[in-house]
Structure formats: C-alpha cells, structure tokens
Amino acid sequence: MPKIIIDDIEYEVEAGNNLLEACLGLKLDLPYFCWHPAMGSIGACRQCAVVQYLNDEDTRGRIVMGCMTPVSEGARFSLGGEKASEFRATVIEALMLNHPHDCPVCAEGGECHLQDMTVMSGHRDRTYRGKKNTHRNQYLGPLIHHEMNRCISCYRCTRFYRDYAGGDDLAAMAAHDHVYFGRHEAGVLESEFSGNLVEVCPTGVFTDETLVKDYTRKWDLQSAPSVCTGCAVGCNTMPGERYGRLKRIHNRFNVEVNGYFLCDRGRFGGAFVNSEKRLKFSGLRDTDGRFNAINRDVALETSVAWLAQSRVAGIGSPRASVEANYLLRKLVGEDNFSNGMNDDEAMLVAEISQLMLSGRSPPPSLKKMETADAVLILGEDVTNTAPRLALSLRQAVTHNMAAELGETLGLQDWQDAAIRNLAQNQRKPLYAIAVKDTRLDDIAISTSAMAPDDIARLGFAVAHFIDDSLPPVDKLSDRYSNLAQQIAKDLQQAAAPLVVSGTGSQHVGICQAAALITRALQQTNTGVMLSFCVPECNSLGQALLTGGEGQDLAELTVRAIAGEIDTLIVLENDLFRRAGSGQITQLLASVSKLIVLDCVDTETTSMASLVIPVSSFAETESTYVSSEGRAQRSYPVFEPADDVLADWQWLLALSRKLGKAELALIEHFDDIVDACASEVGALSGIKDAAPGADYRLRGMKIPRQTHRYSGRTAMHAGVQIHEPKQTQDIETPLAYSMEGLNGNEVGALLPYVWAPGWNSNQSLHKFQHGVGGALKGGTAGSRLIIGDGNTLTAESIPGPFHASVGEFLLVPLQRIFGSDELSMLAPAIAELADSPAVFLHPDDAIVMGVHQGDGVVIMVDGKEYHFELGIDDSLAQGCAGFVCGFQDTNNLRPGDSVCLAKAQNWQHKKPQVISTDGGSRHV
C-alpha cells in the first residue's frame with residue numbers, strides 16, 4: 001500500500017485509488033460533485049482541486065483534480081493550502097452563478113450535497129449581480145420532480161441514467177452555460193431506475209415527486225433500517241415517517257446486495273402504507289352480512305372461541321415474515337398449513353430451494369454477479385421480476401469489458417470516461433432467452449423468444465454441449481443447436497460464468513436445465529454462479545420453513561368441500577391472486593368461519609367472517625429470506641395506529657389463549673426467532689440476521705430520529721398540551737427518539753446517515769471501511785444456503801412445443817409496475833401500470849383476424865374472460881402472453897392451452913391523458 005503525504009501528514013492508502021477516494025476513505029473532507037463511488041470519475045466539476053508538489057523542495061506546486069489523480073508512493077498534496085482553497089471557492093462561485101438560491105423552498109433543503117459543499121468550500125457571499133439563465137422545467141412522470149434552474153452541470157444524472165442504467169430518454173442538451181438535462185420533450189421517464197436520480201443528483205434538480213406533494217423536511221423524518229418487500233431481491237432501504245405517514249424510501253447501502261441503488265418499485269411502491277385501503281380496526285360480519293367494527297379484545301376472544309371448538313387450517317403468505325408464518329404453522333399444525341402460494345408456484349419454489357441447497361456453491365450476491373464475464377438468462381425477464389438484479393447484470397456485461405480493456409492500457413477502473421470511450425460497444429457475452437423481448441436485449445449478444453418447453457430444451461442442449469455424457473436433445477433445429485453450442489462455448493471460456501433463471505416462465509424444466517448447466521460447468525470451473533429469481537419477498541423463506549411439506553391450495557379445497565375444515569385462518573394473502581376465482585370461492589364458501597389477518601382490504605377480506613388488521617412492513621419487525629438465501633431483518637419505522645398490531649403479536653396472543661404449550665415461553669420477537677431457528681434447521685441462521693433487542697452501542701439504543709429532529713413537543717398539540725412520553729420499544733435495539741448513538745453500530749441497524757458537515761446521503765463514506773466498502777458494522781443479513789452439494793443428474797427433457805390449430809399456450813408476462821399486489825396501491829406506481837392485456841404474435845393475430853386494441857375472449861372453467869389484445873412481434877408464436885397481477889388475469893393458469901375468440905361489440909379504450917406543465921397529451 002503506497003504512502004502519501006497530505007498537508008505534511010503521512011497516510012497509508014489503498015493502491016489503485018484516486019486521491020479523492022483516498023481522502024474520503026481517510027475521513028478527510030474534500031469537496032466534490034461529479035464523482036460518485038459507483039460511477040467513477042470524469043473530472044467535470046473541478047471542485048475537488050488540490051495542490052500537488054513535485055518533491056520536498058517544491059513550494060509552488062500545481063493544481064490537480066483529486067478525482068483524476070492516482071495515488072502513488074511518496075506523492076505530496078495540500079488540501080487546506082491557500083491556493084487550493086481559493087481555487088475551490090472560485091469554482092463553486094462559478095457553479096452557483098445561475099443557481100436560484102432557493103434553499104428555503106427547495107425539497108432538497110437540509111439534505112443537499114450542494115449546501116454541504118458550498119459551506120465546506122467557504123463560499124458564503126454572492127457577488128454576481130447579473131441576469132441569470134433560467135429554464136422551463138419538464139413533466140417527467142409521477143415519480144420525479146424537475147427543477148432545472150438548480151442544476152450545476154455535474155453530469156451525474158446522465159451518467160447514471162444512460163451509462164449505468166442503460167436509459168436513453170434523458171440527456172444533456174445544448175452546451176456551455178446553457179446545458180439542459182432532461183428529455184427531448186416532456187414525458188414519463190422510461191427507466192425503471194429513474195428514482196435513483198433523487199439520490200444521485202447533488203442538488204434539487206431531480207427530487208421525489210411523491211414527497212414534494214406530501215412534504216416534510218428531511219431532518220424531521222423518523223427512519224429505521226428496513227428491507228424492500230417489492231420483490232425477492234431483498235434490497236436494503238431506509239423508510240422515513242412523519243405524523244404517522246410514510247413519506248419516502250431511501251436506499252440503505254449493503255455492499256453485497258443493492259449497493260447505492262434501488263428500482264422504482266422498491267423506492268415508490270411502499271406508499272401503499274398510506275393507502276385508503278389500509279385496515280385499521282377489526283371487523284366482524286353479522287347475520288345480515290355486514291361488517292361491524294369491534295375492538296381488539298373482542299376480536300381476540302371471538303377468534304379464540306372459533307378456533308377452540310373447530311377443525312382449523314391456516315394459509316400463510318410469501319409476503320409475510322418468517323416469524324408470522326412460523327407462528328401460524330405452529331398454531332394450526334404442520335399438516336394443516338399451506339404456504340400460501342399457488343400450487344404451481346409452490347412446486348417451483350420448492351424445487352428451486354432444493355436445487356440451491358444441493359448446489360456446489362452458495363448463491364451469488366448481486367455484487368458477486370457483477371464480476372461475471374459471461375451471462376446466460378434462461379426463461380426470465382429479469383428487469384420485471386428482479387429489477388435490481390438486472391442492473392447488476394448490466395454492469396457485468398458493460399463495465400467489466402471496459403475495465404478489462406482499460407487495464408491493458410494501464411487505466412484504472414475509476415477512470416470512467418476513458419475506459420468507456422475505449423470499450424465503445426464492446427461487451428461481455430450475454431444471452432437472453434425468454435418468451436419475448438426483455439429490457440436487457442440492448443446489451444445481449446443474442447436474444448431468442450421461445451415457448452417455455454423450447455427454452456428448457458435449449459438449456460438441456462447447452463448442458464449436453466458442455467458435458468457430452470449428458471443426454472442430447474432430440475429434434476433440435478439447426479438454428480438452436482448452433483446457438484446452444486455457442487452459448488456452451490462462451491460459458492466454458494469464461495472465468496466467472498453466470499446462469500440466471502427462475503419462476504418467471506412458470507416452468508420447472510427451465511430451472512432444472514439452468515442447474516444442470518452450472519453443474520456441468522463446475523466440473524472444470526469453480527467460479528460458476530447460478531442465480532434463481534423467485535416471486536415475492538419471502539417466497540424462499542416459505543420453502544425453507546416448510547421443506548416442501550404441508551397442504552397446497554388444491555388439497556385444502558378438497559378437504560374443505562369434504563367438511564374436514566371448519567375454520568380457516570388466512571395470513572396476509574389475497575387468495576384470489578393465487579388461483580382461479582371459482583376454486584377460491586368454493587374453498588372459502590366451504591368453511592364456516594374465515595379469519596383473515598391483513599394490512600390492506602382485499603377480495604379475500606371482503607369474504608371473511610372476521611377481519612383483523614395487522615401492521616405493514618413499516619410498522620413491525622420482520623425477517624425475510626431473499627432469493628440469494630440471505631435472511632435480513634426489517635425494523636418498524638413508526639408505531640401502528642388505532643387497533644393495528646403486528647401479525648406476530650396477534651398470532652402469539654391467539655396461541656397463548658389456546659394454551660399452545662410449545663409456545664408458552666415465547667413473549668417477545670427474539671423468542672420467536674430463537675424458536676424458529678432451533679426447530680427449523682434450514683432457518684437456523686436467521687438468528688444471525690441482526691442483533692436482538694438487548695443490543696446497545698456504548699450502553700445506548702440506536703435513535704430513529706436525527707439530532708436535528710424538530711417539533712416533537714408540538715406534534716400532538718392539537719390533541720393535548722402535554723407532551724406524551726416517547727414509546728419505549730422493548731422489541732428492537734432502536735429508540736423512538738433522537739436520544740442514542742448512530743455511527744458504529746452493526747450494519748443491520750443503520751437507520752440514517754449523517755456526519756458533521758455532510759447532511760446529505762453522500763456522507764455514507766463516513767460509515768464505510770473505505771469508499772464503496774462494507775459498512776463498519778458489517779454487512780447486514782446472514783446467508784442460509786451454503787451450497788455444499790455434489791450432484792449431477794439429468795432431468796427429463798420436454799418435447800418440442802407445437803401449437804395446436806386454434807389453441808394458444810398461456811405464458812405469464814411480469815411487469816415491474818402492475819404485477820405486484822401492494823405497490824399497485826401506491827398512486828404513483830398505479831399511474832404507470834399496464835392494463836390487464838393479452839398479447840399475440842402478429843402472425844397469430846392475422847390468422848385470428850384480430851388487431852391491436854381489439855377484445856378477445858378466453859374461456860376458463862366454463863366462464864368467459866374478456867381482455868384487450870396487444871400485438872407483440874417479439875412473442876413466441878403459438879403463445880398468448882398475459883400480464884400477471886390483475887384480477888381477471890389471475891384466473892389464467894400458465895401452461896394451459898386455451899382457445900381465443902374475438903370479442904363482439906368490444907369498446908376500444910380511450911387513450912390515457914397525462915397532464916403536463918404545458919397542458920395535456922395523449923399516450
């Protein structure tokens with residue numbers, strides 16, 4: 001490690017870093033704007049200027065940019081010298097010439113990197129009195145608010161949006177001091193990662209539109225460490241609350257998972273917590289079929305009376321925590337418990353969990369996947385099923401090639417502009433095989449749209465060409481045989497090949513083929529990676545909890561019809577999303593009592609005998625198991641209101657009242673974790689996901705509120721003049737106050753980032769082991785799957801897909817906006833969601849005599865369902881793709897062959913009208 005001298009003090013720094021990284025890693029304050037730890041350096045803002053001296057005798061030195069200067073043994077620099085300080089002050093004064101200085105009304109105020117750097121550079125007084133350039137702001141959609149006049153031309157926004165995230169509808173236009181960062185015309189930003197502009201932008205140009213409409217100053221937000229429940233990736237988040245409302249969600253750094261970025265579903269979808277569909281009081285159905293509000297005690301007594309005198313079954317949920325599902329399973333018995341997934345999905349997730357457990361290596365983290373030098377995506381539209389994983393795959397394909405080429409010329413990885421210019425369009429190989437096109441096709445070396453059976457066959461063919469002892473695939477066309485050989489060749493030549501698959505196509509053969517490919521590769525390569533995408537935040541946790549045992553929904557329905565179930569408990573699950581409405585209606589109508597615990601009103605709660613309101617993710621402690629097999633703890637940001645309790649608290653109270661001896665000693669959340677870990681071997685590691693409630697940092701709890709939190713004594717002035725005592729949180733190591741310590745706690749407990757002089761989220765480096773490194777307190781979560789198996793077996797290979805005349809194979813199409821149940825209750829996400837359409841290939845549409853926008857009819861279980869038709873020339877012929885997650889499409893079962901007919905008297909829907917600053921436009 002080289003030693004450098006800064007202001008006459010010697011420091012040992014990491015080799016290969018630039019000076020700015022080195023200074024920040026040493027916790028020295030050096031201003032900057034354009035540099036970002038995930039995107040490297042381009043030297044655009046000139047704010048990190050320092051003086052570099054030639055040797056000990058040199059007293060004049062020369063001005064250099066810290067972000068563009070590599071560290072070297074014996075190099076001498078000055079940060080605090082007069083020459084460097086004056087230069088930085090002059091630079092920021094120039095950057096601020098056209099800035100409106102509107103901090104009091106800016107949504108970024110109090111958490112603004114520009115404010116911090118202005119103060120740090122010593123620029124206090126405005127001397128410019130001339131006319132300022134002004135710009136017209138653009139409408140960028142329901143997620144991002146645009147205030148172009150605050151721009152300082154750091155280029156961070158376009159570097160992230162275009163270079164890092166692959167978007168193409170945001171750019172830097174014009175030149176000099178007239179540069180404009182926006183779209184070519186007003187309209188919704190198309191990237192699924194546009195929300196990161198809020199955190200990437202160092203000033204208030206791009207701000208959270210949802211927060212602007214329901215504003216609270218950033219220092220008044222109460223925050224806690226949490227985990228995104230929008231998909232199974234398990235991104236770490238920091239939700240912020242004020243007045244009992246969830247105001248925003250920010251990224252919480254986890255070096256192994258989401259790093260610095262979130263997808264838009266995760267960032268904005270949590271607004272369902274404030275939805276009008278939230279349940280706040282228990283409801284008991286009377287003899288007339290109406291719901292009457294009852295208090296907590298009556299709800300508990302009624303539940304106990306029903307459960308004590310009947311045969312009981314329980315349905316868990318992949319969106320509920322490990323602890324809540326464990327308690328429900330103990331309450332009703334293992335043989336009477338269903339994991340709450342639809343039957344096909346449950347089988348797929350169970351198969352995936354077994355493939356992961358029997359693998360030769362643990363599932364890779366997102367950071368590990370970014371090191372891949374060849375990628376095969378088999379049957380998965382990753383951008384829509386695991387968005388943050390798609391962002392990592394983009395880095396693996398684009399950045400790795402650039403860094404590799406740069407290394408041959410002696411360029412460091414952080415020299416972003418140089419290595420990207422060197423690489424141009426050269427990329428590492430990525431093959432995207434799915435039922436239709438995907439958002440990663442622009443960086444793929446080859447793409448193919450196939451029916452699920454054919455995708456599986458291609459996967460088995462790849463495995464055969466890697467290891468010819470595996471059975472060949474018969475009747476494979478020359479085109480796909482050549483493609484399989486090319487994929488096998490690229491994977492074999494790679495040092496760190498990655499195969500990505502999952503439940504997206506709802507086909508078990510695809511998952512088995514992906515596992516077979518990796519195991520064939522692992523015979524000669526220990527760097528092989530296999531990643532599976534699963535549907536929901538705790539899908540894998542459910543599979544590990546039950547071990548594939550228990551009842552599926554079909555079996556429960558049969559038992560209920562036979563009169564073997566009197567009372568059914570449903571935990572945080574809208575069953576009408578899990579199976580056809582006919583089956584679920586029959587199941588629920590066959591039980592005498594239906595108890596539903598949920599945080600939102602659903603079609604299932606509307607049929608309940610008793611509805612019990614439970615906390616959302618933002619109001620309770622929970623453990624979720626991500627698709628990586630990483631158990632992570634989510635903590636409550638604020639207390640639930642009214643009669644709402646955490647799901648585990650309701651279930652624990654029921655168990656006590658019913659005299660469940662095995663749960664008699666359980667009183668607190670940590671007790672549930674211990675019991676689950678000791679009883680379920682596959683979940684033994686959840687105890688290590690985060691510390692227990694007794695954790696203290698130098699004898700103190702971790703505060704949820706910053707030291708700048710204000711107005712606490714006046715928040716309840718409209719209710720009473722006396723300040724209520726702060727709630728004592730006995731279940732977590734966090735405090736509902738500003739009292740405590742935040743800075744060196746365990747990584748899983750970081751509630752917010754703040755450091756002296758660094759009010760923005762750019763202060764994160766103060767909490768890390770080196771810039772971009774792990775948090776000082778360690779990486780959050782514990783990995784449950786070691787991957788120490790050693791099996792290589794050939795699975796049954798399906799035959800080639802042949803479309804029957806007049807019939808179509810139903811294939812699911814996921815949408816990042818629309819397919820998820822809870823995020824659709826967030827108004828901004830709902831505005832971006834697709835309609836529940838069915839798609840056909842143009843050739844199939846011609847044969848049917850239908851056109852874009854026509855209506856089509858699908859008959860399922862004797863009932864007609866009508867859908868709008870979309871034409872998609874990337875969809876495999878003979879397939880009918882349907883958008884998942886909508887009420888009507890929930891009745892369609894992937895893999896079924898159905899007949900389609902043109903709907904008569906179909907009314908074409910009017911185009912949606914989106915208002916902009918300039919009026920309205922049709923889309």
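Per chain, the residues get numbers from 1 upward, laid out in the order the sequence is written. It should be noted that, the model being predicted, local features are given only for residues of pLDDT at least 70 and side-chain atom pairs only at 80 or more, the latter also being counted only at that level, while totals for whole chains, interfaces and linings use all residues. By convention in this description, side-chain values take in all heavy atoms of the structure and omit both hydrogens and water.

1. Observations regarding the overall build of the chain
At step 1: Secondary structure counts use DSSP, requiring at least four H or I residues in a row for a helix and at least two E residues in a row for a strand, with both numbered from the N terminus. Each helix and strand counted, the chain has 24 helices and 38 strands in total.
At step 2: Against the globule reference of 29 Å for 923 residues, the chain gives a C-alpha radius of gyration of 28 Å, in line with a compact fold.
At step 3: For the C-alpha atoms alone, the extent of the chain along its principal axes is close to 95 × 80 × 60 Å.
At step 4: In the chain, which comprises 923 residues, the share counted as buried stands at 60%.
At step 5: Here, two residues are considered to be in contact whenever any of their heavy atoms come within 4.5 Å of each other. By sequence separation, contacts in the chain at least 24 residues apart represent 73% of the contacts at least 6 residues apart.
At step 6: Note on areas: these come from Shrake-Rupley sampling with a 1.4 Å probe, and a residue is covered only by the protein chains present in the view. With an accessible surface of roughly 35800 Å², the chain has 48% of that area assigned to carbon and sulfur atoms.
At step 7: For the purpose of charge, His is not counted, nor are the chain termini; Lys and Arg are scored as positive and Asp and Glu as negative. All charge positions are set by atom: Lys at NZ, Arg at CZ, Asp at CG, Glu at CD. When the 81 positive and 114 negative side-chain charges of the chain are each reduced to one mean point, those points stand 5 Å apart. What the globule rule says is 2.2 Å times the number of residues to the power 0.38, and the radius of gyration is computed from C-alpha atoms. Between buried and exposed lies partly exposed: a residue is buried under 20% and exposed over 50% of the maximum accessible area for its type, with that area taken using a 1.4 Å probe on protein chains only.

2. Considerations on the sheet that holds strand β24 (residues 593–598)
At step 1: Spatially, the seven strands line up as an open sheet ordered β15-β14-β25-β24-β23-β16-β17, and their pairing is mixed. Single-partner strands in this sheet number two, and they are β15 (291–294) and β17 (337–338).
At step 2: A pair of strands is labelled paired if DSSP reports no fewer than 2 bridges between them. The sheet contact formed by strand β14 (residues 282–285) and strand β25 (residues 610–613) spans two bridges and is antiparallel. Bridge pairing links Leu284 to Leu610 in β25.

3. Things to note about the pattern of salt bridges
At step 1: The term salt bridge refers to a side-chain nitrogen of Lys or Arg lying within 4 Å of a carboxyl oxygen of Asp or Glu. Per the counting criterion, the structure on display carries 44 salt bridges.
At step 2: Across the pair Arg311 and Asp566 runs a salt bridge whose closest N-O atoms are separated by 3.2 Å. Within this pair, whereas Arg311 is found in the loop between α8 (296–308) and β16 (312–315), its partner Asp566 is found in the loop between α19 (553–561) and β23 (567–571), the two being separated by 255 residues in sequence.
At step 3: Classification of Arg311 by relative accessible area gives partly exposed; the value is 44%.
At step 4: Between Arg578 and Glu345 there is a salt bridge, and its shortest N-O distance comes to 3.9 Å. Of this pair, Arg578 sits in the loop between β23 and α20 (581–589) while Glu345 sits in helix α10 (residues 343–357), and the two are 233 residues apart along the sequence. Here the two residues Arg578 and Glu345 agree in accessibility, since each one is buried.
At step 5: Several salt bridges converge on common partners, so that one network encompasses Arg319, Glu572, Arg577, Asp598 and Glu821.

4. Topic: the nonpolar core
At step 1: Only buried residues count toward a nonpolar core, which is a set of Ala, Val, Leu, Ile, Met, Phe, Trp, Tyr and Cys residues joined through side-chain atoms within 4.5 Å. Residues Ile517 and Leu683 are the most contacted members of the largest nonpolar core, which totals 156 residues.
At step 2: Tallying contributions element by element places helix α17 (residues 508–521) first for this core, with nine residues.
At step 3: Leaving out residues up to four positions away in the same chain, Leu683 has contacts with Val322, Gly541, Leu544, Leu545, Val625, Cys676, Ala677 and Leu784.
At step 4: Grouped together as the second largest cluster of nonpolar side chains are 41 residues, Cys151, Tyr161, Leu197 and Phe253 included.

5. A few points about helix α9 (residues 322–332)
At step 1: In terms of burial, α9 is largely enclosed, as eleven of its eleven residues are buried.
At step 2: Buried residues of α9: Val322, Glu323, Ala324, Asn325, Tyr326, Leu327, Leu328, Arg329, Lys330, Leu331 and Val332, and no others.
At step 3: Of the residues flanking the end of α9, it is Gly333, one or two places downstream, whose phi is positive at about 95°.

6. Regarding unusual backbone geometry
At step 1: Backbone geometry at Gln506 places phi at a positive 55°, although glycine is not the residue there.
At step 2: Summarising the element assignment, Gln506 is placed in the loop between β21 (497–502) and α17.
At step 3: The class of Gln506 is buried, set by a relative accessible area of 18%.

7. Observations regarding the packing of helix α2 (residues 82–95) against helix α3 (residues 113–121)
At step 1: Axes here refer to lines fitted to C-alpha atoms; in helices the fit is confined to the stretch in contact. Angles between the N-to-C directions go from 0 to 180 degrees. Between α2 and α3, the least distance of the axes is 9 Å, while the angle of their chain directions is 140°. Looking at the two axes, α2 sits oblique to α3. In this structure, the crossing between α2 and α3 has a hand that is left-handed. Only Met117, Thr118 and Ser121 of α3 make contact with α2, whose side of the interface consists of Arg88, Ala89 and Ile92.
At step 2: Taken together, the residues of the contact of α2 with α3 sort by class into three nonpolar, two polar and one charged. What sets the label is the angle itself: under 35 degrees gives roughly parallel, over 145 gives roughly antiparallel, 65 to 115 gives roughly perpendicular, and the rest give oblique. Crossings are assigned a handedness: left-handed for a near helix turned anticlockwise from the far helix by less than a right angle, right-handed for a clockwise turn. Under the scheme applied here, ten amino acids are nonpolar (Ala, Val, Leu, Ile, Met, Phe, Trp, Tyr, Cys and Pro), four are charged (Asp, Glu, Lys and Arg), and all others, including Gly, are polar.

8. Quick look at the packing of aromatic side chains
At step 1: Each Phe, Tyr or Trp ring, with Trp reduced to its six-membered ring, pairs with another whose centre is within 6.5 Å; inter-plane angles below 30 degrees give stacked pairs, above 60 give edge-to-face pairs, and intermediate values give tilted ones. Per the stated rule, a full pass over the model turns up ten aromatic pairs.
At step 2: With a centroid separation of 5.3 Å and an interplanar angle of 85°, the aromatic rings of Tyr32 and Trp35 are classed as edge-to-face.
At step 3: Using a relative accessible area of 2% as the deciding quantity, one classes Tyr32 as buried.
At step 4: Overall, Trp35 belongs to the buried group, its relative accessible area being 1%.
At step 5: Between Tyr260 and Phe261, the aromatic rings sit 6.4 Å apart at their centres with planes inclined by 55°, giving tilted as the arrangement.
At step 6: The exposure class of Tyr260 is buried, given its relative accessible area of 16%.
At step 7: Taken together, the aromatic side chains of Phe160, Tyr164, Phe253, Tyr260 and Phe261 make up a single cluster linked through ring pairs.
At step 8: Here, over-ring charges are defined by two tests on the NZ atom of lysine or the CZ atom of arginine: distance to the ring centre within 6 Å, and angle to the ring normal within 35 degrees. Directly above the aromatic system of Tyr736 lies the positively charged group of Arg704, at a separation of 3.8 Å from the ring centroid.

9. Quick notes on the side chain of Arg267
At step 1: Turning to its location among the elements, Arg267 is positioned in helix α7 (residues 264–268).
At step 2: Nitrogen and oxygen atoms within 3.5 Å of one another constitute a polar contact, given that in protein one can donate a hydrogen and the other can accept it, and given that sequence-neighbouring residues count only through two side-chain atoms. A polar contact of 3.3 Å, which involves the side chain of Arg267, links it to the backbone oxygen of Gly195.
At step 3: Apart from the residues lying within four places of it in its own chain, the contact partners of Arg267 are Gly195, Asn196, Glu199, Ile249, His250, Asn251 and Leu262.

10. Some words on the environment of Phe193
At step 1: Positionally, Phe193 belongs in the loop between β8 (180–182) and α5 (197–200).
At step 2: Overall, Phe193 belongs to the buried group, its relative accessible area being 4%.
At step 3: Sequence-wise, Phe193 and Phe33 are 160 residues apart; in three dimensions their C-alpha atoms are separated by 21 Å.
At step 4: Here Phe193 is in contact with Phe160, Ala165, Leu262, Cys263, Asp264, Pro387, Arg388 and Leu391, once residues within four sequence places are set aside.

11. Structural notes on the sheet that holds strand β30 (residues 782–783)
At step 1: Pairing is antiparallel across the open sheet formed by three strands, whose spatial order is β26-β27-β30. The sheet is open, and its two edges are formed by β26 (622–625) and β30, each paired on a single side.
At step 2: When β26 meets strand β27 (residues 630–634), the two strands line up antiparallel, connected through four bridges. Opposite Val625, over in β27, you have Ala631 as the bridge partner.

12. Examining α3
At step 1: By the burial criterion, the buried members of α3 are His113, Leu114, Asp116, Met117, Thr118 and Ser121.
At step 2: Lining the buried residues of α3 we find α2.
At step 3: Backbone geometry just downstream of α3 places Gly122 in the positive-phi region, at approximately 80°.

13. Looking at the pairing of β15
At step 1: Pairing between β14 and β15: four bridges, direction antiparallel. Counterpart to Leu284 in the pairing with β15 is Asn292.

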